[in-house]
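Observations on the three-dimensional arrangement
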Amino acid sequence: VQCYISKCNDPYTNLAFEDWLLKNSDLDSYVLYLWRNRPTIVIGRNQNPWKECNLDMMNERDVWLARRTSGGGTVYHDMGNTNYTVLMPRSAFTRDTCAEMVARALQQEDIAAYVNERHDVTVDGLKISGSAYRLTSRRAFHHGTMLIDADLSRLRGCLDSKSKTIEAKGVESVRSKVANLRDYSWTIDHSTFCGAVASEFSKTFGRLTDENVTVWSESDPGIKEKVEKERERITQWQWLFGQTPEFKYRISGEFAWAKVVCEIEAKHGKIINAELTTEDTAVVPGGVSRVLEEAGKLLVGAQYEREAVMASLSPILADARAQELGKWLAEQI
């Protein structure tokens, strides 16, 4: 058995270290990893950030976006939230084993936690911990959040997507009523939670001693070499947005010169089809249909983001209607 406790609050470094543990820990070992991040929205491997998050609000509030390598739904991290990861042989993995271990750890702290039918750790019917897992041929990990004293008002705003009409493939989050552990205990904090989980992990999987507990930070020798390549990969647009499964987005807008309907299909974060039409073709001024048709062609291949959309339309932006159309589309993304 082994325990690692991160003193780093960078989400990409922490997720990259988790990946390093999965690939480098002994195949028969049980490993506990405890960590927390600065304000960050973390989406699952197969989720759509435009549907799950309010990216504008996240930018305004300095909340980062991260995509993890496991499945499951979207979660909010800040320094009032502690994350736990348990790595083990795949043959020993079950979804509830680790969740029940965490629930027992909270019971040590006089918090009446239990695991519900969705494998969430809850108190009084309110979710305090969501979790996800990843399986490889020989290894598995189960990781989850623990809301201790998180800023829940910030959480709700950042998870209120403005793109509610997106039809997305992949996994959509199931919204649950949540609570902080602080609502049930004035003594629980990051340190006591980590201690309780480490104690229960030791009882469940094997005795932890001082020799097999490692506390690390970004400045520790060897950490950068362990995480640098994976951290670089998961900070790129290609992972954060380009990993997104196929989706469709239909919007409509009213201009002085026409009522426009735009239907966009995107895959891996790029537009693969765009059709712009008017609701009433009988009264469309001359030239409008040509602008809409040309705009649809130019959008294909563009990344699904504001700057890329405007750049793709640059060949027709000399037309005032195309300028207005481009600004409108950019605002909707």
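Here the structure is shown first, and the text comes after it.
Below: a short report on this structure. (Residues numbered from 1 in each chain as written. Predicted model: local features only at pLDDT ≥ 70, side-chain atom pairs only at ≥ 80, totals over all residues. Heavy atoms only, no water.)

Let's talk about the overall build of the protein
Counting its secondary structure elements, the protein contains eleven helices and 16 strands. Counting only C-alpha atoms, the protein reaches 80 × 40 × 35 Å along its principal axes. Counting only contacts in the protein whose residues sit at least 6 apart along the sequence, the fraction spanning at least 24 positions is 72%. Side-chain charges of the protein comprise 42 positive and 47 negative groups, with the mean position of each set lying 3 Å from the other. (Helix = DSSP H or I, 4+ residues; strand = E, 2+ residues; numbered from the N terminus. Contact = heavy atoms within 4.5 Å. Lys, Arg positive; Asp, Glu negative; His and termini not counted. Charge placed at Lys NZ, Arg CZ, Asp CG, Glu CD.)

Notes on the side chain of Asn180
Following the sequence through the fold, Asn180 ends up in the loop between strand S12 (167–168) and helix H6 (190–205). In this structure the side chain of Asn180 is engaged in a polar contact, spanning 3.5 Å, whose partner is the backbone nitrogen of Asp149. Beyond its immediate chain neighbours, meaning those up to four positions away, Asn180 contacts Leu147, Ile148, Asp149, Ala150 and Leu152. (Polar contact = N/O pair within 3.5 Å; in protein donor to acceptor, adjacent residues only side chain to side chain.)

Considerations on the sheet that holds strand S15 (residues 259–267)
Read across the open sheet, the four strands follow the order S12-S14-S15-S16; overall the sheet is antiparallel. Two strands close off the open sheet at either side, each with one partner strand: S12 and strand S16 (270–278). Pairing of S12 with strand S14 (residues 247–254), which is carried by two bridges, proceeds in the antiparallel orientation. Note on S14: the bridge partner recorded for Glu167 is Lys248. Packing of helix H11 (residues 320–332) onto the sheet brings it into contact with S14, S15 and S16, and relative to S14 it is tilted by some 130 degrees. (Pairing = 2+ DSSP bridges. Axes fitted to C-alpha atoms, helices over the stretch in contact; angles between N-to-C directions.)

Remarks on the environment of Val227
Turning to its location among the elements, Val227 is positioned in helix H7 (residues 223–234). The sequence separation of Val227 and Tyr12 amounts to 215 residues, and the corresponding C-alpha distance is 8.9 Å. With residues up to four places along the chain from it excluded, the contact list for Val227 reads Thr13, Ala16 and Phe17.

Structural notes on the side chain of Ser25
Structurally, Ser25 is set in the loop between helix H1 (11–24) and strand S2 (31–35). Looking at Ser25, the relative accessible area reads 15%, which means it is buried. Separated by 2.6 Å, the side chain of Ser25 and the backbone oxygen of Leu21 make a polar contact. Those residues in contact with Ser25, other than ones at most four positions away along the chain, are Trp20, Val31 and Arg139. (Buried < 20%, exposed > 50% of the residue type's maximum accessible area, 1.4 Å probe, protein only.)

Remarks on the pairing of strand S3 (residues 40–43)
Taking every second residue as pointing to the same face, both faces of S3 are buried, with Thr40 and Val42 on one and Ile41 and Ile43 on the other. Bridge count for S3 against strand S4 (residues 64–67) is four bridges, and the pairing is parallel. Bridge assignment links Ile43 to a residue of S4, and that residue is Arg67. Bridge analysis of S3 against strand S5 (residues 75–77) gives three bridges, and the strand direction is antiparallel.

Things to note about the packing of helix H4 (residues 95–108) against H6
Direction vectors running N to C along H4 and H6 enclose 125 degrees, while the axes themselves pass 8 Å from each other. The orientation of H4 with respect to H6, classified from their angle, is oblique. In the crossing of H4 with H6, the sense of the turn from one axis to the other is right-handed. Side by side, H4 and H6 meet where Thr97, Met101, Val102, Arg104, Ala105, Leu106 and Gln108 of the first sit next to Phe193, Ala196, Val197, Ser199, Glu200, Phe201, Lys203, Thr204 and Phe205 of the second. Of the residues in the contact of H4 with H6, the class split is nine nonpolar, four polar and three charged. (Parallel < 35°, antiparallel > 145°, perpendicular 65-115°, else oblique. Left-handed = near helix turned anticlockwise from the far one by under 90°. Nonpolar A, V, L, I, M, F, W, Y, C, P; charged D, E, K, R; others polar.)

Quick look at the pattern of salt bridges
Across all of its chains, the model carries 13 salt bridges by this definition. The partner of Arg104 in a salt bridge is Glu200, with the nearest N and O atoms 2.8 Å apart. Of this pair, Arg104 sits in helix H4 while Glu200 is found in helix H6, placing the two residues 96 residues apart along the sequence. Judged by its relative accessible area of 32%, Arg104 falls in the partly exposed class. Of the charged contacts, one joins Asp319 and Arg321 as a salt bridge, the two residues approaching to 3.1 Å between their closest N and O atoms. Beyond isolated ion pairs, a larger network of salt bridges with shared partners links Asp19, Lys23 and Arg134. (Salt bridge = Lys/Arg side-chain N within 4 Å of Asp/Glu carboxyl O.)

As for H4
Regarding H4, the residues found buried are Cys98, Ala99, Met101, Val102, Ala103, Ala105 and Leu106. In this fold, the buried residues of H4 make contact with strand S6 (81–89), strand S7 (114–115), strand S8 (121–123), strand S9 (126–129), strand S11 (139–147) and H6.

Focus: the packing of aromatic side chains
By the definition in use, this model includes 17 aromatic pairs. Centroid distance Tyr30 to Phe205: 4.9 Å. Interplanar angle 20 degrees. Geometry classified as stacked. Placement of the pair is Tyr30 in the loop between H1 and S2 and Phe205 in helix H6, with a sequence separation of 175 residues. Three or more aromatic residues joined by ring pairs form one cluster here, namely Tyr4, Phe17, Trp20, Tyr33, Trp35 and Trp216. The cationic tip of Arg38 hangs over the ring face of Trp64; the distance from NZ or CZ to the ring centre is 4.0 Å. (Phe/Tyr/Trp six-rings, centres within 6.5 Å; stacked < 30°, edge-to-face > 60°. Lys NZ or Arg CZ within 6 Å of the ring centre and 35° of its normal.)

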